[in-house]
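# Working through the structure, step by step
The chain contents come next:
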Amino acid sequence: MATTVCEAKKNTELRVFEFSDELATDLAEYVAQLSEISVKERGCFTIALSGGPIVGVMRKLCEAPYQKMLDWSKWYVLWADERAVAKTHAESNYKMTKEGLLSKVPILNSHVYSINDTLTVEEAAADYEFTIRQLVKARTISVSEINDCPKFDLILLSVGPTGSIASLHPNHPALELTDEWVTFITNSPEPPPERITFTMLVINSASNVVIVATGEDKARAVQQSVSQLSENVGPDVSVPAKMVTPTEGKLVWFVDKEASKEIELESDNFEL
Ligand SMILES: O=C1O[C@H](COP(=O)(O)O)[C@@H](O)[C@H](O)[C@H]1O
């Protein structure tokens with residue numbers, strides 16, 4: 001149970017948890033509900049994951065009751081970003097997901113769309129976008145009627161200490177791409193420098209976005225991202241997480257006590 005739940009603005013919710021186990025439990029329940037709804041409505045569930053703490057906070061999904069209850073055969077797993085390293089490398093988001101989730105639940109191998117680690121970063125981004133286009137064409141991934149973009153059932157992100165999300169970093173030109181679905185960067189401020197990432201266009205076209213923030217080093221980024229949620233402000237490229245405003249979807253922040261330290265929950269920014 002979240003310690004605090006705030007409806008920060010239409011379609012945006014902030015959940016703050018006292019204990020990390022509560023966060024993981026509530027997240028599992030939330031993902032399970034979204035999966036159930038999507039499978040019922042569309043026959044499948046498309047989820048895009050990130051690195052950082054994401055797989056760890058999904059751990060409860062690998063336990064009872066979810067391990068047996070969820071229709072894993074209907075899950076399609078992709079990544080919101082990936083580091084340009086071999087899939088066996090310790091820094092690979094795929095490797096982390098394989099070890100923490102894919103090896104523990106019966107998701108079909110043929111439904112896992114990892115990013116090609118044998119190509120250059122530029123080729124891998126193009127190849128990955130092509131894969132997504134095929135999945136949209138087949139309507140496995142739903143499509144936004146507003147902009148024809150892929151409309152993932154859920155994109156799960158973690159915010160970095162600087163306010164980065166996926167591999168979109170503060171003030172990076174990749175934040176302003178308005179046509180591409182997937183792009184690459186070669187100068188990530190965090191190692192490794194080469195990465196493939198969804199653009200903001202795809203993130204904001206999702207049906208549901210979750211941003212997870214755990215640990216005190218995320219407190220400033222959380223505060224900067226959520227502080228003006230209730231105001232109508234333009235895109236702020238200095239805090240990528242603040243640019244996450246799903247056009248037709250819902251955003252939920254899952255924040256632990258340490259990462260919530262700088263938020264003024266009783267300020268006018270939130271309806272408690
Ligand atoms: O490199 C990455 O880091 C970010 C943030 O991770 P964190 O450990 O600082 O929370 C992550 O969202 C991204 O997927 C990953 O590639």
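None of these values were measured; they are calculated from a predicted model.

Analysis parameters
- Residues numbered from 1 in each chain as written.
- Predicted model: local features only at pLDDT ≥ 70, side-chain atom pairs only at ≥ 80, totals over all residues.
- Helix = DSSP H or I, 4+ residues; strand = E, 2+ residues; numbered from the N terminus.
- Rg over C-alpha atoms; globule rule 2.2 N^0.38 Å.
- Contact = placed C-beta atoms within 7 Å.
- Expected span 1.5 Å × (residues − 1).
- Buried ≥ 20, exposed ≤ 12 C-beta atoms within 10 Å, placed from the backbone.
- Arc of directions from axis to C-beta.
- Near = placed C-beta within 6 Å.
- Nonpolar A, V, L, I, M, F, W, Y, C, P; charged D, E, K, R; others polar.
- Pairing = 2+ DSSP bridges.
- pLDDT = per-residue confidence, 0-100.
- Axes fitted to C-alpha atoms, helices over the stretch in contact; angles between N-to-C directions.

## Things to note about the overall build of the protein
Check the secondary structure of the protein and you find seven helices and 12 strands. Computed over C-alpha atoms, the radius of gyration of the protein comes to 17 Å, within 12% of the 19 Å expected from 2.2 N^0.38 for 272 residues, which places it in the range of a compact globule. Expressed as lengths along the three principal axes of its C-alpha atoms, the size of the protein is roughly 50 × 45 × 40 Å. For the protein, the share of sequence-separated contacts (at least 6 apart) that also reach a separation of at least 24 residues comes to 74%.

## Examining helix α5 (residues 121-137)
It helps to recall that an α-helix has 3.6 residues per turn; residues three or four apart then point in one direction. A rise of 1.5 Å per residue sets the reference length of α5, with its 17 residues, at 24 Å; its end C-alpha atoms lie 24 Å apart and thus fit the reference within 8%. Listing the buried residues of α5 in full gives Ala 124, Ala 125, Tyr 128 and Ile 132. Axial view of α5: buried residues confined to an arc of 100 degrees, hence all on one face. Residues of α5 that are exposed and angled more than 90 degrees away from the buried face: Phe 130, Gln 134 and Lys 137. Its buried side turned inward, α5 meets β7 (150-151), β9 (182-185) and β10 (195-198).

## Some details on the site of the ligand
In the vicinity of the ligand lie 14 residues, with Ser 50, Gly 51, Gly 52, Ser 158 and Gly 160 positioned nearest. At the level of secondary structure, the elements contributing two or more residues to the shell around the ligand comprise β5 (81-83) and β8 (154-158). Residue composition of the shell around the ligand, grouped by class: four nonpolar, seven polar and three charged.

## So, the pairing of strand β11 (residues 208-213)
With six of six residues buried, β11 is to be regarded as a mostly interior element. In β11, alternate side chains face the same way, and those of Asn 208, Val 210 and Val 212 on one face and Val 209, Ile 211 and Ala 213 on the other are all buried. Sheet topology places β8 next to β11; four bridges connect them, and they run parallel. Each residue of the ladder has a partner; that of Ser 158, found in β11, is Val 212. Sheet topology note: the β11/strand β12 (residues 250-256) ladder contains six bridges and is parallel. Residue pairing for β12: Val 212 is matched across the bridge by Phe 254.

## Comments concerning the confidence of the model for the protein
For the protein, per-residue confidence averages 93 on the pLDDT scale, and 91% of positions sit at 70 or higher. Both scores are given for the predicted complex: the pTM is 0.94, the ipTM 0.94.

## With respect to helix α4 (residues 93-102)
When you tally the buried positions in α4, you get seven out of 10 residues, the bulk of the element. The complete set of buried residues in α4 reads Asn 93, Tyr 94, Lys 95, Met 96, Thr 97, Leu 101 and Leu 102. Where the residues of α4 are buried, they touch β3 (45-49), α2 (54-57), β4 (75-79) and β5.

## Brief notes about the sheet that holds β10
Strand order in the open sheet formed by three strands is β5-β10-β9, and the pairing between neighbours is antiparallel. The open sheet is flanked by β5 and β9, the only strands paired with a single partner. Looking at each pair of strands side by side, their axes are set apart by 20 degrees on average, direction ignored. As paired elements, β9 and β10 share four bridges and run antiparallel to each other. Across the sheet, residue Val 182 finds its bridge partner in β10, namely Phe 198.

## Topic: the environment of Val 182
Examined against the element boundaries, Val 182 turns out to sit in strand β9. Given 25 C-beta atoms within 10 Å, Val 182 falls into the buried group. With near-sequence residues (within four places) excluded, Val 182 lies in contact with Ala 125, Tyr 128, Glu 129, Ile 132, Ile 196, Phe 198 and Thr 199.

## As for unusual backbone geometry
A cis amide bond links Ala 64 to the next residue, Pro 65, at an omega of 5 degrees. Checked against the element boundaries, Pro 65 lands in the loop between α2 and α3 (66-69). The residue after Pro 191, namely Pro 192, is reached through a cis peptide bond having omega -5 degrees. With respect to the helices and strands, Pro 192 occurs in the loop between β9 and β10. One non-glycine residue with positive phi stands out, namely Arg 139, at about 60 degrees. Secondary-structure assignment places Arg 139 in the loop between α5 and β6 (142-143). Notably, Ala 166 is not glycine yet its phi reads approximately 50 degrees, a positive angle. Turning to its location among the elements, Ala 166 is positioned in the loop between β8 and β9.

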